[in-house]
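Next come the chains, spelled out residue by residue.
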Amino acid sequence: MLEHTQHPLLKTVAGYYVHLEGKRIRPLILLVLAKALASHQYSTMSSSLQEMGEGERKQLQLAEIVEMIHTASIVHDDVIDNAVTRRGLTSVNLEFGNKLAILSGDFLLARASVALAKLQNHEVTRLISEVISDLVEGELMQIKPSPSGKSTSFDYYLQKTYFKTASLIANGCASIALLSNSPPELVSASTEYGRNLGIAFQLIDDLLDFTECSDTLGKQASVDLTLGLATAPVLFAREEFPELSALIARKFEQEGDVQLARSLVSKSKGLALTRKLAEDYIEKSLQSIEVLKESEAKDALIGLAEMVLSRNK
């Protein structure tokens, strides 16, 4: 999808993260879900590209579109966050500069939109377009919190988490179900699987920011506090250490704030409670797909959900 540019530099910058070794968990979830839905509704599903029917080709294209949107979002995130590394590599903004990084992210979104239109499914187009809107709104919630004080509440944090992370997975799963011609109850089940798994994924991400080193993560560790962000471990820890409220309010900007916050979180039940909450969301995701018939693909969906909890990067 990156061939549609006459400028070689744009292709290089836009493809900088696309070809990086990474988890690729989003397209994997969608394609495994497609198999599970096919196993539920039909007796067989083709296993090679040559044998794919039109619906299956569209599902593969959708998985590519979702990964392109995700890649565009992390390019823009790295510009906003002044990131230094990503997956063990120099960040795209540091390597090429902010202007080229922003343009490459925009280009990825544009090419994803063209590919989305080619699917010729109005409801899928609406759902994935909603994702792009959610990504922007979630980022604004993060960098320009509500002046009402609600921005430090757990509900606000979970809403932001849905917008920034879970929306893409939830709406991607819903779209896969629609392209499978699934009935409404399976579309709903697929959506809930993606939504709950997506929130759990971000909760574990926020946990790892406290427990893992930069070399393991492939990006800066402890970056959330440095950016002034109060994630689940901090919000849970605040219940035990109310003094964290003042640090959260000033976005950990004073000297020693980040170190003090890390210390208080490590002394609290914040990390354990964050993991427990992630486990609860994974349980909800697994409950949502109980409706599916038993199959290897369904087992793989269960395995993917469990992998979210066990990962260390």
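Data block above holds the structure.
Residues numbered from 1 in each chain as written. Predicted model: local features only at pLDDT ≥ 70, side-chain atom pairs only at ≥ 80, totals over all residues. Heavy atoms only, no water.

1. A word on the pattern of salt bridges
Phase 1: A complete count under the given rule lists 8 salt bridges for this structure.
Phase 2: Close ionic contact of Asp 78 with Arg 86 constitutes a salt bridge, the shortest N to O distance being 2.7 Å.
Phase 3: On the accessibility criterion, Asp 78 (2% relative accessible area) is buried.
Phase 4: Given a relative accessible area of 14%, Arg 86 falls into the buried group.
Phase 5: Among the salt bridges present, the one from Arg 311 reaches Asp 205, with a minimum N-O distance of 2.9 Å. In this pair, Arg 311 is assigned in the segment after α15 (296-310) and Asp 205 in helix α8 (residues 184-211), connecting sequence segments 106 residues apart.
Phase 6: For Arg 311, a relative accessible area of 12% corresponds to the buried category. (Salt bridge = Lys/Arg side-chain N within 4 Å of Asp/Glu carboxyl O. Buried < 20%, exposed > 50% of the residue type's maximum accessible area, 1.4 Å probe, protein only. Helix = DSSP H or I, 4+ residues; strand = E, 2+ residues; numbered from the N terminus.)

2. What to know about the environment of Ala 34
Phase 1: Within the secondary structure, Ala 34 sits in helix α2 (residues 25-41).
Phase 2: Given a relative accessible area of 2%, Ala 34 falls into the buried group.
Phase 3: Between the alpha carbons of Ala 34 and Lys 298 there is a distance of 9.9 Å; along the sequence they are 264 residues apart.

3. Focus on the packing of aromatic side chains
Phase 1: All told, the structure shown has 5 aromatic pairs when counted by the stated rule.
Phase 2: A ring pair is formed by Phe 154 and Tyr 157, whose centres lie 5.4 Å apart and whose planes are at 75°; its orientation type is edge-to-face. Residue Phe 154 and its partner Tyr 157 are both found in helix α7 (residues 154-179); the two are separated by 3 residues, about one turn of the helix.
Phase 3: Ring geometry for Tyr 162 and Phe 163: centres 6.0 Å apart, planes at 55°, overall tilted. Accessibility classification places Tyr 162 together with Phe 163 in one group, the buried group.
Phase 4: Three or more aromatic residues joined by ring pairs make a cluster, and in this case those are Tyr 16, Tyr 17 and Phe 96.
Phase 5: Over the ring of Phe 201 we find Arg 26, and its NZ or CZ is 5.3 Å from the ring centre.
Phase 6: The ring of Phe 201 has Arg 311 lying over it, and the distance from NZ or CZ to the ring centre is 3.8 Å. (Phe/Tyr/Trp six-rings, centres within 6.5 Å; stacked < 30°, edge-to-face > 60°. Lys NZ or Arg CZ within 6 Å of the ring centre and 35° of its normal.)

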